[in-house]
Amino acid sequence: VPVSATSTLTVCDEGWQRPRTIPASQVIATWAVNQPATLSAIVTRDDVARLGRVDLVGAWVYWEHPTQGPFGGVIDDDPSDLGNGTVALTATGIGEALLMDRTTPVLLEPDTGHAGALIRRAMTLAQTADPLPFRSVQWDESGPVAEVEWRGEPIWDVIQNVLDQTGQEMQITIDRDRNID
(Lines give C-alpha, C1' and ligand atoms only; values in the text may rest on other atoms or scores of the structure.)
Protein backbone atom coordinates (compact mmCIF):
# COMPACT_ATOMS: atom_id res chain seq x y z
CA VAL A 1 0.00 0.00 0.00
CA PRO A 2 1.70 3.25 -1.05
CA VAL A 3 2.00 6.05 1.49
CA SER A 4 0.35 9.32 0.47
CA ALA A 5 2.39 12.11 2.00
CA THR A 6 0.28 14.76 3.65
CA SER A 7 3.08 16.70 5.32
CA THR A 8 6.83 17.23 5.41
CA LEU A 9 9.28 16.60 8.25
CA THR A 10 12.69 18.22 8.50
CA VAL A 11 15.22 15.63 9.68
CA CYS A 12 18.54 16.88 11.05
CA ASP A 13 21.68 15.56 12.63
CA GLU A 14 22.13 16.42 16.30
CA GLY A 15 22.12 20.17 16.94
CA TRP A 16 19.86 20.92 13.93
CA GLN A 17 22.79 20.21 11.59
CA ARG A 18 22.31 19.17 7.93
CA PRO A 19 18.54 19.73 7.70
CA ARG A 20 16.81 17.63 5.01
CA THR A 21 13.12 17.29 4.28
CA ILE A 22 11.22 14.05 3.96
CA PRO A 23 7.57 13.47 2.99
CA ALA A 24 5.40 12.05 5.79
CA SER A 25 1.86 10.90 6.40
CA GLN A 26 -0.30 10.35 9.49
CA VAL A 27 1.67 12.95 11.46
CA ILE A 28 0.38 13.29 15.01
CA ALA A 29 1.93 15.59 17.61
CA THR A 30 0.91 16.16 21.22
CA TRP A 31 1.88 18.88 23.64
CA ALA A 32 0.92 18.88 27.34
CA VAL A 33 1.87 20.61 30.57
CA ASN A 34 4.30 18.51 32.72
CA GLN A 35 4.52 15.83 30.00
CA PRO A 36 6.93 15.27 27.12
CA ALA A 37 5.78 16.48 23.72
CA THR A 38 5.51 13.58 21.25
CA LEU A 39 5.29 13.08 17.50
CA SER A 40 4.56 10.05 15.35
CA ALA A 41 4.56 9.77 11.57
CA ILE A 42 4.85 7.33 8.69
CA VAL A 43 7.64 7.74 6.12
CA THR A 44 8.94 5.41 3.41
CA ARG A 45 12.11 3.38 3.75
CA ASP A 46 13.17 4.73 0.36
CA ASP A 47 12.95 8.30 1.67
CA VAL A 48 14.99 7.36 4.76
CA ALA A 49 17.63 5.82 2.46
CA ARG A 50 17.56 8.98 0.30
CA LEU A 51 18.69 10.87 3.42
CA GLY A 52 21.75 8.62 3.53
CA ARG A 53 20.61 6.91 6.71
CA VAL A 54 19.98 3.30 7.64
CA ASP A 55 17.63 4.39 10.42
CA LEU A 56 16.39 7.60 12.00
CA VAL A 57 16.93 6.87 15.71
CA GLY A 58 18.78 9.80 17.30
CA ALA A 59 18.01 12.23 14.47
CA TRP A 60 16.44 15.55 15.40
CA VAL A 61 13.12 16.26 13.71
CA TYR A 62 11.18 19.49 13.15
CA TRP A 63 7.56 19.75 12.02
CA GLU A 64 5.12 22.61 12.03
CA HIS A 65 1.41 22.14 12.71
CA PRO A 66 -0.71 24.68 10.79
CA THR A 67 -2.44 26.01 13.94
CA GLN A 68 -0.60 24.59 16.97
CA GLY A 69 2.86 25.65 15.85
CA PRO A 70 6.25 23.96 15.76
CA PHE A 71 7.34 20.62 17.18
CA GLY A 72 11.00 19.76 17.60
CA GLY A 73 12.15 16.40 18.88
CA VAL A 74 14.55 13.50 18.89
CA ILE A 75 13.48 10.35 17.06
CA ASP A 76 13.55 7.50 19.54
CA ASP A 77 11.98 4.63 17.58
CA ASP A 78 11.54 3.78 13.90
CA PRO A 79 10.24 0.25 13.32
CA SER A 80 10.00 -0.74 9.66
CA ASP A 81 7.14 -2.53 7.93
CA LEU A 82 9.07 -4.47 5.33
CA GLY A 83 5.91 -5.51 3.51
CA ASN A 84 4.79 -1.92 2.99
CA GLY A 85 8.23 -0.34 2.77
CA THR A 86 7.33 2.13 5.51
CA VAL A 87 8.85 3.35 8.75
CA ALA A 88 6.62 4.36 11.69
CA LEU A 89 8.77 6.84 13.58
CA THR A 90 8.16 8.31 17.01
CA ALA A 91 9.89 11.28 18.62
CA THR A 92 10.05 12.88 22.05
CA GLY A 93 10.12 16.67 22.39
CA ILE A 94 13.65 18.05 22.03
CA GLY A 95 13.84 19.80 25.40
CA GLU A 96 12.40 16.83 27.24
CA ALA A 97 14.69 14.38 25.40
CA LEU A 98 17.75 16.44 26.28
CA LEU A 99 16.69 16.61 29.94
CA MET A 100 16.06 12.85 29.97
CA ASP A 101 19.54 12.27 28.56
CA ARG A 102 21.49 14.48 30.99
CA THR A 103 22.03 13.32 34.57
CA THR A 104 22.78 15.10 37.81
CA PRO A 105 25.88 14.10 39.77
CA VAL A 106 25.69 11.61 42.62
CA LEU A 107 26.01 13.78 45.73
CA LEU A 108 23.79 11.65 47.99
CA GLU A 109 22.81 14.64 50.04
CA PRO A 110 19.34 16.13 50.41
CA ASP A 111 18.61 19.61 49.12
CA THR A 112 15.46 21.59 49.88
CA GLY A 113 14.07 24.68 48.23
CA HIS A 114 11.39 26.12 46.02
CA ALA A 115 10.72 24.35 42.72
CA GLY A 116 12.50 26.91 40.56
CA ALA A 117 15.63 26.91 42.71
CA LEU A 118 15.87 23.10 42.69
CA ILE A 119 15.29 22.86 38.94
CA ARG A 120 17.90 25.58 38.31
CA ARG A 121 20.34 23.68 40.55
CA ALA A 122 19.66 20.39 38.70
CA MET A 123 20.32 22.03 35.34
CA THR A 124 23.47 23.75 36.67
CA LEU A 125 24.84 20.56 38.26
CA ALA A 126 24.33 18.66 35.02
CA GLN A 127 26.16 21.14 32.78
CA THR A 128 29.14 19.69 30.99
CA ALA A 129 31.44 20.90 28.24
CA ASP A 130 28.39 20.37 26.00
CA PRO A 131 25.87 22.83 27.50
CA LEU A 132 22.13 22.32 27.29
CA PRO A 133 20.87 24.35 24.31
CA PHE A 134 18.00 26.17 26.00
CA ARG A 135 17.68 29.79 24.89
CA SER A 136 15.87 30.71 28.07
CA VAL A 137 14.52 29.02 31.17
CA GLN A 138 12.04 30.77 33.44
CA TRP A 139 11.06 29.43 36.82
CA ASP A 140 9.14 30.50 39.87
CA GLU A 141 11.13 30.58 43.07
CA SER A 142 8.10 30.85 45.30
CA GLY A 143 5.46 28.38 46.41
CA PRO A 144 5.81 25.10 48.29
CA VAL A 145 9.20 23.76 49.30
CA ALA A 146 10.39 20.43 47.88
CA GLU A 147 13.25 18.09 48.70
CA VAL A 148 15.63 16.35 46.29
CA GLU A 149 18.47 13.94 46.92
CA TRP A 150 21.04 14.09 44.12
CA ARG A 151 21.41 10.44 43.05
CA GLY A 152 22.64 10.72 39.47
CA GLU A 153 19.21 10.58 37.88
CA PRO A 154 18.12 12.32 34.67
CA ILE A 155 17.25 16.00 35.06
CA TRP A 156 13.76 15.17 33.69
CA ASP A 157 13.15 12.81 36.63
CA VAL A 158 14.31 15.43 39.14
CA ILE A 159 11.97 17.99 37.57
CA GLN A 160 9.03 15.55 37.65
CA ASN A 161 9.77 14.75 41.31
CA VAL A 162 9.83 18.46 42.22
CA LEU A 163 6.64 19.17 40.26
CA ASP A 164 4.87 16.22 41.92
CA GLN A 165 5.84 17.57 45.35
CA THR A 166 4.82 21.17 44.67
CA GLY A 167 1.92 20.92 42.22
CA GLN A 168 3.61 23.41 39.91
CA GLU A 169 3.64 23.24 36.12
CA MET A 170 6.27 23.15 33.39
CA GLN A 171 6.15 23.41 29.63
CA ILE A 172 8.96 23.34 27.08
CA THR A 173 8.45 25.03 23.73
CA ILE A 174 10.33 25.44 20.48
CA ASP A 175 9.98 28.34 18.06
CA ARG A 176 10.22 28.53 14.28
CA ASP A 177 13.94 29.30 14.54
CA ARG A 178 14.34 26.05 16.54
CA ASN A 179 15.16 27.83 19.79
CA ILE A 180 14.21 25.82 22.88
CA ASP A 181 12.51 27.69 25.72
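Residues numbered from 1 in each chain as written. Predicted model: local features only at pLDDT ≥ 70, side-chain atom pairs only at ≥ 80, totals over all residues. Heavy atoms only, no water.

Caption draft 1: The packing of aromatic side chains, seen in detail. All told, the structure shown has two aromatic pairs when counted by the stated rule. Taking the centre distance of 5.1 Å and the plane angle of 80° together, the rings of Trp 16 and Trp 60 count as edge-to-face. Of this pair, Trp 16 sits in the loop between strand 1 (7-13) and strand 2 (17-30) while Trp 60 is found in strand 4 (residues 60-65), placing the two residues 44 residues apart along the sequence. Each member of the pair, Trp 16 as well as Trp 60, is classed as buried. Centroid distance Trp 31 to Phe 71: 6.4 Å. Interplanar angle 65°. Geometry classified as edge-to-face. With a gap of 40 residues between them, Trp 31 in the loop between strand 2 and strand 3 (38-44) and Phe 71 in strand 5 (residues 69-77) connect regions that are remote in the sequence. (Phe/Tyr/Trp six-rings, centres within 6.5 Å; stacked < 30°, edge-to-face > 60°. Helix = DSSP H or I, 4+ residues; strand = E, 2+ residues; numbered from the N terminus. Buried < 20%, exposed > 50% of the residue type's maximum accessible area, 1.4 Å probe, protein only.)

Caption draft 2: Structural detail: the pattern of salt bridges. For the structure shown, the criterion picks out nine salt bridges. Taking the shortest distance from any N to any O, the salt bridge between Asp 47 and Arg 50 comes out at 3.5 Å. Residue Asp 47 and its partner Arg 50 are located together in helix 1 (residues 45-50), separated by three residues, close to a single helical turn. Between Asp 181 and Arg 135 there is a salt bridge, with its nearest N and O atoms 2.5 Å apart. Remark: Arg 135 occurs in the loop between helix 3 (115-125) and strand 9 (145-151) and Asp 181 occurs in the segment after helix 4 (155-166); sequence separation between them is 46 residues. The partly exposed category is assigned to Asp 181, whose relative accessible area is 22%. Through salt bridges with shared partners, a single ionic network connects Asp 13, Arg 18, Arg 20 and Arg 53. (Salt bridge = Lys/Arg side-chain N within 4 Å of Asp/Glu carboxyl O.)

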